[in-house]
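Topology and contacts: notes
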Amino acid sequence: MNQLSLNVRIVLLVLVTCGILAGGMLTTVYRLMVHDYEVLVAERESAEIERMASELELSLKQRLLALEAFSTRFLDDEGDLLSVSALQTILSKSSVANDLFPDGLLAFDETGTALAESRFVPDRVGTRYLDRPHFQRAMKTKKAIISQPILGRTTGLPLLSFLQPILSASGDINGYVGGLLDLSNTPLLVTSQVSETDTSVTTIIIDPRYRLFVSMQEKFTKPEPLPAEGKDALVDAAVAVLPAGSLIAYQGKQYLIATEQLDTLGWVVLRAIPYEEAIAPAKASYQHFLLITLLVMFLVSLAGAWVARSLTRPIEKMTRRIDNLADEAKFDSAFQEQGGPEVKALARAMNRLESERKAADTAIREAERFLSSVLEAASEVAIIATDRDGLITAFNKGAENMLGYTTREMLQKQSPALFHLSHEIAARSALLSAEFNKPVEGFRVFVEKAEQKGSETQEWTYVHKSGRHIPVSLVVTTMRNEAGEITGYLGIAEDITERQRMDQMKSEFISTVSHELRTPLTSISGALGLMVGGGFGVLPEKANKLLTTAYRNSKRLALLINDLLDFEKIAAGKLHFDMQIQALAPLLEQAVESTQQYSTERQVAVMLSENEHNALVRADSQRLMQVLANLLSNAIKFSPENGSVFVDVETTDDRVTVSVVDNGPGIPEAFRHRIFQRFAQADSSDTRAKEGTGLGLAITRELVERMGGRVDFESTEGQGSRFFFELPLVQLAAEVLPVEATKENQSASILVVEDDADIANLLAIMLKQAGYQVDIALTGKEALNRLQQQRYDLVSLDLMLPDIGGLDIIRTLRQHSVTLDLPIVVVSAKVEQGQLEINGDVSNIDWLAKPIDQQRLLNVVQQQLCCVRQERHSRVLHVEDDDDLHDVICAMAGETFEFDLAQTLEEARIKLKQQLFDVVLLDIGLPDGSGWDLLPDIRMSLPEAKVVILSGEDMTAKERDRVEAVMLKSRLSSQELLSGINARIHSSWLKRNYFQNQSETAGNDNPEK
């Protein structure tokens, strides 16, 4: 259609429009004409059928009246029936009755016996007809009766019998006079009365009551019953007395029918005319109308063609000129505004368009020059564009400078994968595939996330043409067309070599600050704490006061350094969070207790609500304590003397809210929007009354949000403030923490040796409920194999075993150094016999007689484990170059552990080869290298030893995974030091004994020997 000229399209449009209009008109006219003719024929047939019915009704009444008048001649003056001869004479004479009943008149006596007849029929006179239904009705009603179509008893012809009773003066029936119509010979309606102009018109009369034909289209020689329903459509229509104008299908044709029911007899008269004949005049009229319509369409099409030609000729001239303009790319003169209004408007528009095109061309050239200048000027940034398949389509000067390739080498030839490290692409592919649960490979590695989020910033390593590696920060965005479909990708890469160098310098500086400030500060603060706490006896009051002041300010200095360094780590995303399920109540109590000294100095009471707050949260206990300390210290700092600070806890279905409420001056309105910003203080002058850096609340917000919560406040000036934070609620503590389980129990493993599986399972349940880890051995051999393969803290042993006796197992265990001191609890029915046989030859054994008492069992197990742990004299290698800090650490630990100092890596390596240690307390910053360099030597020499990092700065998650624990010098206390070392002593000792005796046990087949 688009290839046709405008002229042809206009002509086609006119033709189509005329055709649609004509088709609509013809269809409408045809339907209207047909409908009108249907109504007309229906009305005509209805009138005709009414006329026929009326004439038939009148004819029947006329015959009845004539018969009634004729019957009066059959009585004598005395009211009796005439003699037979008289009757015969009357019947033989010409009369109106004879004319109306050409098929015969009969006289009957009161018994219905034929006495005389007008037409002779053999054996008819003398025949009795009283049994006929119409005689019965006439005798009963004493009125004139017309029978249904019947078969003559003597003639055998289809008859319609008219019967008139002859009544006496007293009303008795003296006889009957009857008139007959032979339905096969005499029509009910005379032919002149039926206005059938076409033999195709069908007329029938039926008696629906007796289901008989009264008159048919064809003659019949006997009464014809109506066919069964559904056999003859005309009969069905007559029986149903369908309204005039109804259409029915009969003998393969459609018929238009009209029906009328007679009031006297209930007969139904039906006329049917073929539908095609009925609407034939309408079709003829329609054909004339169709010819006229086609002629009009032809004339309109000619007029349309002429109009189209006159309209398109100027446009065609203009089109040829535009083609010439496009070919020659120049516009010599403006279009002449001549012709009709539309052509003039088009010429004006073309002239304006040409003017705007020239301006647009100029703007495009300027934009291209500008874009080219921008790309060329961005010499320090690599700008690279690709199509959807990853083929490079743009490569700016900065990309050439950064990568060493030329634009000619890259455009439409290479993919960005050319200058990326393959292992970085593979690693990124694995990461994205796991994230999106589908394979992300090849070029999709660079653009998958950009498609999902619109853009992506990622650090990569570019490979220069010479092979040099260049760290870059790459921003990838999608390029889309007006429909929003992706047409390509744009990557902007910035060389971050200098930034990484500065970050490295910054990290080294922070590391240095952490070590050089925190290490001596830890020594100072620790030593002062020991002295103030009475660790070296009672000090003079003046000295104690000075030391207390020095200790307090050392803590302030430590907090200041911690705040500055923590915030830097938060900003860099390097702050580690050890997220564990924590009971909230102990942390709150500890936080309130830790501020006791500060609140006492400020004369402020800190009160913890008495509401039950047995809730569990998933948090880093150290960071949560830092949050509580910040909020409590702020509340205390701004509370008036003799004021109060309240700590409240509220829980909902899924969250817990901790509030710190004070009655201080409140927060000024103008300051509230900045309260969680860095270094934000209501009074930020250097003469302010309240000390602080303004980092506490900023750090608090970051810590709470990193732990999945939120922090906020409410304040009224002059009345106080409420700071609160919310954390996800894990579960009520009472529902999670077993009453009898302890952390020590959870770290101890027990082997139950019992041949009765039910008793073994019972013992296991008892011990597991107390928090122990339990394995079961059902035979002595299985028990010895397990003890050879795995280290246990205690053995529960039955003496009666199916293969090896319990006492033999005890003796075998005591013959090997690995199990020499292994605690054993004998659970047996023969405790006394076993005690006599063992006769005190072995130690670390307790005896329990069956049946088992659970509490007694748990007490004995706990006692045995505690005894073993207390007998050990734990040794700690302290790798630290600061003598003062080592002395403070030793003083904090007291005589609980045996410390050995190594001030350099070399000295530490020598001690590791010569001695055994349970724990290595390791500093990272050492004179001859990093403490991390010593870690492989520790793992090789003492694989069972636990490594605890004691450093001035926090570790990353990856660094924490390499060791057993990390403690910060700035937050180190005696309690934390002791618990941190103690938690790792027991497992370290057992593990070391196991490895130490591997060479001994390797020479033996098994412990049974």
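Residues numbered from 1 in each chain as written. Predicted model: local features only at pLDDT ≥ 70, side-chain atom pairs only at ≥ 80, totals over all residues. Heavy atoms only, no water.

So, the overall build of the protein chain
Applied cut-off: A run of H or I in DSSP counts as a helix once it spans at least four residues, and a run of E counts as a strand once it spans at least two, with each numbered from the N terminus. A 1.4 Å probe rolled over the protein chains alone gives each residue an accessible area, and that area as a share of the maximum for its type sets the label: buried under 20%, exposed over 50%, partly exposed in between. What sets the accessible areas is the Shrake-Rupley method with a 1.4 Å probe; for residues, cover comes only from the shown protein chains.
Looking only at helices and strands, one finds 31 helices and 35 strands in the protein chain. Expressed as a percentage of its 1009 residues, the buried residues of the protein chain come to 44%. Per element, the accessible surface of the protein chain, about 52,800 Å² overall, is 53% carbon and sulfur.

Observations concerning the sheet that holds strand β10 (residues 253-261)
Within a sheet, each strand pairs with its neighbour through backbone hydrogen bonds, oriented either parallel or antiparallel. Using the following cut-off: Criterion used throughout: strands pair if DSSP finds at least two bridges between them. To define axes, lines are fitted to C-alpha atoms, for helices over the stretch in contact only, and angles between the resulting N-to-C directions are given on a 0 to 180 degree scale.
In space, the 5 strands of this open sheet follow the order β8-β7-β11-β10-β9, with antiparallel pairing throughout. Each having just a single partner strand, β8 (212-215) and β9 (246-250) make up the two edges of the open sheet. Between one strand axis and the next, the sheet turns through 40° on average, direction left out of account. Where β10 and strand β11 (residues 268-274) come together, 7 bridges link them in antiparallel fashion.

A closer look at the environment of Glu601
Topologically, Glu601 is positioned in helix α16 (residues 596-602). What makes Glu601 partly exposed here is its relative accessible area of 37%. With 40 residues separating them in the primary sequence, Glu601 and Glu641 have C-alpha atoms 9.7 Å apart.

So, the packing of helix α22 (residues 780-789) against helix α23 (residues 806-814)
When two helices pack together, their arrangement is given by the angle between the helix axes and by the axis-to-axis distance. Our working definition: Should an angle fall under 35 degrees it is called roughly parallel, over 145 degrees roughly antiparallel, and 65 to 115 degrees roughly perpendicular, with every other angle called oblique. By convention the crossing between two helices is left-handed if the near helix lies anticlockwise of the far one by an angle smaller than a right angle, and right-handed if it lies clockwise. Contacts are assigned to residue pairs with any non-hydrogen atoms lying within 4.5 Å of each other. Note that Gly is not counted as nonpolar here; it falls among the polar residues with everything else outside the nonpolar set of Ala, Val, Leu, Ile, Met, Phe, Trp, Tyr, Cys and Pro and the charged set of Asp, Glu, Lys and Arg.
Close contact between α22 and α23 brings their axes to 11 Å; oriented N to C, the two are set at 20°. Classified by the interaxial angle, the pair formed by α22 and α23 is roughly parallel. α22 and α23 meet at a crossing whose hand is right-handed. Residue-level contacts link Gly780, Leu784 and Leu787 of α22 to Ile809, Thr812 and Leu813 of α23. When grouped by side-chain class, the residues that make up the contact of α22 with α23 number 4 nonpolar, 2 polar and no charged.

Overview of the confidence of the model for the protein chain
To keep things clear, this is the line we draw: A score between 0 and 100, pLDDT records how confident the predictor is in each residue.
Residue-level pLDDT values for the protein chain average 78, and 79% of them are 70 or greater. Of the regions scoring below 50 in pLDDT, residues 732-746 engages in 26 contacts with residues more than four places distant in sequence or in other chains.

Topic: the packing of helix α11 (residues 422-436) against helix α12 (residues 444-453)
Between α11 and α12, the least distance of the axes is 9 Å, while the angle of their chain directions is 35°. Classified by chirality, the crossing of α12 by α11 is left-handed. Mapping the contact onto sequence places Ile425, Arg428, Ser429, Leu432, Glu435 and Phe436 in α11 and Val445, Phe446, Glu448, Lys449 and Gln452 in α12. Considering only residue class, the contact of α11 with α12 consists of 5 nonpolar, 2 polar and 4 charged.

Some details on the packing of aromatic side chains
Quick reminder of the rule: Ring pairs shown here join Phe, Tyr and Trp side chains whose ring centres sit within 6.5 Å, with only the six-membered ring taken for Trp; geometry is labelled stacked below 30 degrees between planes, edge-to-face above 60, and tilted in between.
The full count for this structure, using the stated rule, is 12 aromatic pairs. Plain terms: the ring middles of Phe419 and Tyr462 are 5.0 Å apart, the flat faces sit at 75° to each other, and that makes the pair edge-to-face. Residue Phe419 is found in the loop between α10 (407-410) and α11, and its partner Tyr462 is found in strand β14 (residues 455-463); the two are separated by 43 residues along the sequence.

Some points on unusual backbone geometry
Across residues other than glycine, the phi torsion is negative in most instances, and most of the peptide bonds are trans. Not every positive phi belongs to a glycine, and Lys142 is a case in point at roughly 60°. Position of Lys142 among the secondary structure elements: in the loop between α4 (133-141) and β3 (145-146). Positive phi values are uncommon outside glycine, yet Asn437 reaches one of about 55°. Structurally, Asn437 is set in the loop between α11 and α12.

Some remarks on a nonpolar patch on the surface
Formally: Only residues whose relative accessible area exceeds 30% and that take part in no salt bridge are eligible for patches, with like-charged residues grouped when within 9 Å of each other and nonpolar side chains (Val, Leu, Ile, Met, Phe, Trp, Tyr) grouped when within 5 Å. The salt bridge definition used is simple: a Lys or Arg side-chain nitrogen within 4 Å of an Asp or Glu carboxyl oxygen.
A surface patch of nonpolar side chains, about 420 Å² in accessible area, is lined by Leu295, Phe298, Leu299 and Leu302. Within the secondary structure, Leu299 is located in helix α7 (residues 280-328). With a relative accessible area of 49%, Leu299 lands in the partly exposed category.

Considerations on the sheet that holds strand β13 (residues 392-395)
Taken together, the 5 strands give an open sheet; going across it, the order is β13-β12-β16-β15-β14, and neighbouring strands pair in antiparallel fashion. Taken across any chain shown, the strands that pair with only one partner, and hence form the sheet edges, are β13 and β14. This sheet shows a mean twist of 25° between the axes of neighbouring strands, independent of strand direction. Inspection of the sheet shows strand β12 (residues 381-387) paired to strand β16 (residues 486-495) by 7 bridges, in the antiparallel sense. Paired with Ala385 across the strands is Leu490, a residue of β16. Here α12 sits on the sheet in contact with β14, β15 (469-480) and β16, set at roughly 165° to β14.

Structural notes on the pattern of salt bridges
As a working rule, side chains carrying opposite charge can pair if their charged atoms are close by. Tallied over the entire structure, the rule returns 24 salt bridges. For Glu456, the salt bridge goes to Arg428, with nearest N and O atoms at 2.1 Å. Of this pair, Glu456 sits in strand β14 while Arg428 sits in helix α11, placing them 28 residues apart in sequence. Per residue, the accessibility class of Glu456 equals that of Arg428, and both read buried. For the salt bridge of Arg499 with Glu494, the shortest nitrogen-to-oxygen distance reads 3.6 Å.

What about the UniProt feature "transmembrane region" (unreviewed entry) in the protein chain?
Convention followed: UniProt positions are given in the numbering used here, feature names are shortened, and annotations may be inferred rather than shown by experiment.
In this structure's numbering, the residues bearing the UniProt feature "transmembrane region" (unreviewed entry) are residues 6-30 and 289-308. Span residues 289-308 is 100% helix and 0% strand, its end C-alpha atoms 28 Å apart.

So, the pairing of β10
Where β9 and β10 come together, 5 bridges link them in antiparallel fashion. Bridge assignment links Leu247 to a residue of β10, and that residue is Leu256. Connecting the antiparallel pair β9 and β10 is a turn made up of 2 residues, with Gln251 showing a positive phi of about 50°.

A short note on helix α15 (residues 584-594)
Here is the rule: This arc is built from the directions going out from the helix axis to the C-beta atoms.
What α15 keeps buried is the set Leu584, Ala585, Leu587, Leu588, Ala591 and Val592. Each buried residue of α15 lies within a common arc of 165° when the element is viewed along its axis, so the set occupies one face.

Side note on the nonpolar core
Cut-off, in case you're wondering: In this text, buried Ala, Val, Leu, Ile, Met, Phe, Trp, Tyr and Cys residues form a nonpolar core when linked through side-chain atoms within 4.5 Å.
By size, the foremost hydrophobic cluster in this structure holds 41 residues, and its most contacted members are Leu624, Val645, Val658, Ile675, Phe723, Phe725 and Leu727. The set of elements that each furnish at least two residues to this core consists of α15, β19 (615-619), α17 (621-637), β20 (644-651), β21 (655-662), α18 (696-706), β22 (710-716) and β23 (720-732). A per-element tally of this core places α17 first, with 8 residues. In contact with Phe723, other than residues within four places in its own chain, are Leu631, Val658, Ser659, Val660, Ile667, Ile675, Phe676, Leu697, Asp712 and Phe713. Formed by 34 residues, the second largest nonpolar core is a distinct cluster that contains Phe74, Ile146, Ile205 and Val269.

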